[in-house]
Amino acid sequence: MSAAVVFFIFFVCLIIAIPISIALGIVSVLPGVFDPSFTASGQFVIRSMLGGIDSFPLLAVPMFVLSGMIMAKGGISKKIFDVFVFFIGKFTAGMPCAVIVTCLFYGAISGSGPATVAAVGSMTIPILIKLGYDKTFATAIVAVAGGLGVIIPPSIPFIMFGMASGESVSDLFIAGVVPGLLIGLLMMVYAVFYCKRHGEDKEKIKKEVDDLHERGFIGVMKDSFFAILSPVIILGCIYTGIASPTEAAVISVFYSLIVSMLIYRSMTVKDIWPMMVEGVRTYAPILFILASSIAFSRVLTLMQVPQTISEWILGSFHNEVVILIVINVFLLIVGMVMDTTPAILILTPILLPIVTAIGMNPIHFGVMMVVNLAIGFVTPPIGVNLFVASSLTEIPIMKIARKAMPLIICFLFALILIIFIPQISLVLL
């Protein structure tokens, strides 16, 4: 069975709404079924699935998922938001900018884009609407800023890329810092432009900020200190070598539990079990997709698909810039129709040899790939962040997407800078 037929069957499965994990499992088994001499038998596929998820770095994913849930339940996102409102709320677009910075910080806790949208959006969108901001604009800015959750470390997609490429997850985390800050800055510039053009209700905003100022700097910082400290502890443990990303993820779970239950008292022991159940429900589909993606990528390797595609691209295009443009357009399209985890695990073995052949640093490529796929979070038809944001406000997905278009353009502009200025990603390494 040729690779073209395998991919055709895979896309047909997606079109007829077969879950992506099952579709990947089907196309992983088919080559062995139609050709008994092919190495990838049914037993090989099952062994690949089980062997692929038997990974210590992978344990970080459910831990960050659970940590993000605990911190959302514990109200930590609200306390982080209050700090930034205290400092920048009175400026033009101060409130939307505070939302963007809160997404940056919460992304440094949860490692997930949709989790960031859910936790920050459920708290900040009603506040922005109450202050007179357009409901669709408030929803769009949270949906797009939530994409920063997979770029700012810790990041679940960076963990997946590290598994697929063999690169250091810690190095990937460090490389994501400056690109994440750059994208956040560009989004804040647009927020200022939008608010100057459409205006703000200064009286309502002043009242909100004054309420915080009445508590005083000491009062706000005292109340938010442990919330602000959470990403510092998580990233500090990783970057100082005290803990691996997986160990830091476990630390973040215990830290969030202690802060939420003993300091803020926003959770009780009774809340733990339902949250763990919800964490399993969230992670189980990811795990199944992960297992089937790994099996499919190994089948593709046995079929020599990575080598074939690499030879075709390098043989057809001789200019490095053109090759990078082709790869990035391809990744943007993939991000629109496929979830991040299978996209990374399937495409990394295919594309990594191509970019290394033209002299690109693998860590730089990892950042470029994740930023591309992060844009897919807010582009139809799959755009997970759009679905999460829509569920919070009941605004149609396409209406949010249209309002988010200028913010997506900011993302794309940052992507161009990241592609052609490698030091944006590598400066801290």
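Scroll up to find the structure this text is about.
Conventions adopted
- Residues numbered from 1 in each chain as written.
- Predicted model: local features only at pLDDT ≥ 70, side-chain atom pairs only at ≥ 80, totals over all residues.
- Heavy atoms only, no water.
- Phe/Tyr/Trp six-rings, centres within 6.5 Å; stacked < 30°, edge-to-face > 60°.
- Buried < 20%, exposed > 50% of the residue type's maximum accessible area, 1.4 Å probe, protein only.
- Patch = residues over 30% accessible without salt bridge, like charges linked within 9 Å, V, L, I, M, F, W, Y side chains within 5 Å.
- Areas by Shrake-Rupley, 256 points an atom, 1.4 Å probe, with all protein chains shown as cover.
- Salt bridge = Lys/Arg side-chain N within 4 Å of Asp/Glu carboxyl O.
- Helix = DSSP H or I, 4+ residues; strand = E, 2+ residues; numbered from the N terminus.
- Axes fitted to C-alpha atoms, helices over the stretch in contact; angles between N-to-C directions.
- Parallel < 35°, antiparallel > 145°, perpendicular 65-115°, else oblique.
- Left-handed = near helix turned anticlockwise from the far one by under 90°.
- Contact = heavy atoms within 4.5 Å.
- Nonpolar A, V, L, I, M, F, W, Y, C, P; charged D, E, K, R; others polar.

### Some words on the packing of aromatic side chains
If you walk through the whole model with that rule in mind, you get 13 aromatic pairs. Ring centres of Phe-10 and Phe-11 lie 5.5 Å apart, and the angle between their planes is 55°; on these two criteria the pair is classed as tilted. For Phe-10, a relative accessible area of 1% translates into the label buried. Take Phe-11: its relative accessible area is 40%, and that puts it in the partly exposed class.

### Focus on a nonpolar patch on the surface
On the surface, a cluster of nonpolar side chains totalling about 590 Å² of accessible area is made up of Val-321, Ile-325, Val-329, Ile-333, Ile-416, Phe-420 and Ile-421. Within the residue set of the nonpolar patch, elements represented by two or more residues are α16 (320-337) and α20 (397-420). Sorting elements by how many residues they give to the nonpolar patch places α16 first, with 4 residues. Relative to the assigned elements, Ile-333 resides in helix α16. In this structure Ile-333 comes out as partly exposed when scored by relative accessible area, which is 48%.

### Topic: the pattern of salt bridges
Taken as a whole, this structure holds 9 salt bridges when the rule is applied. A salt bridge links Lys-204 to Asp-201; the nearest nitrogen and oxygen atoms lie 4.0 Å apart. Residue Lys-204 is classed as partly exposed on the basis of its relative accessible area of 40%. The closest approach of N and O atoms between Asp-211 and Lys-207, which form a salt bridge, is 3.6 Å. You can see Asp-211 and its partner Lys-207 sitting in helix α12 (residues 202-239), 4 residues apart, about one turn around the helix.

### Describing the packing of helix α6 (residues 94-110) against helix α11 (residues 177-198)
Viewed as axis vectors pointing N to C, α6 and α11 meet at an angle of 165°, and their least axial separation amounts to 9 Å. As summarised for this structure, α6 and α11 are arranged roughly antiparallel, according to the angle between their axes. Where α6 crosses over α11, the two elements pack in a sense that is right-handed. Taken together, the residues of α11 that come into contact with α6 (itself represented by Pro-96, Cys-97, Ile-100, Val-101 and Leu-104) are Gly-180, Leu-181, Gly-184, Met-187, Met-188, Ala-191, Val-192 and Cys-195. The residue inventory of the contact of α6 with α11, partitioned by class, reads 11 nonpolar, 2 polar and no charged.

### Examining unusual backbone geometry
Peptide bonds are mostly trans, and most non-glycine residues show a negative phi. Omega for the peptide link from Pro-153 to Pro-154 comes to -5°, which places this bond in the cis form. Inspection of the secondary structure puts Pro-154 in the loop between α8 (135-145) and α9 (156-165). Positive phi, close to 60°, is recorded for Ala-93, a residue that is not glycine. As for its placement among the helices and strands, Ala-93 is situated in the loop between α5 (76-88) and α6. The exposure class of Ala-93 is buried, given its relative accessible area of 0%. Its identity is not glycine, yet Glu-394 carries a phi of approximately 65°, on the positive side. As for its position among the elements, Glu-394 is in the loop between α19 (384-393) and α20. We classify Glu-394 as exposed; its relative accessible area is 73%.

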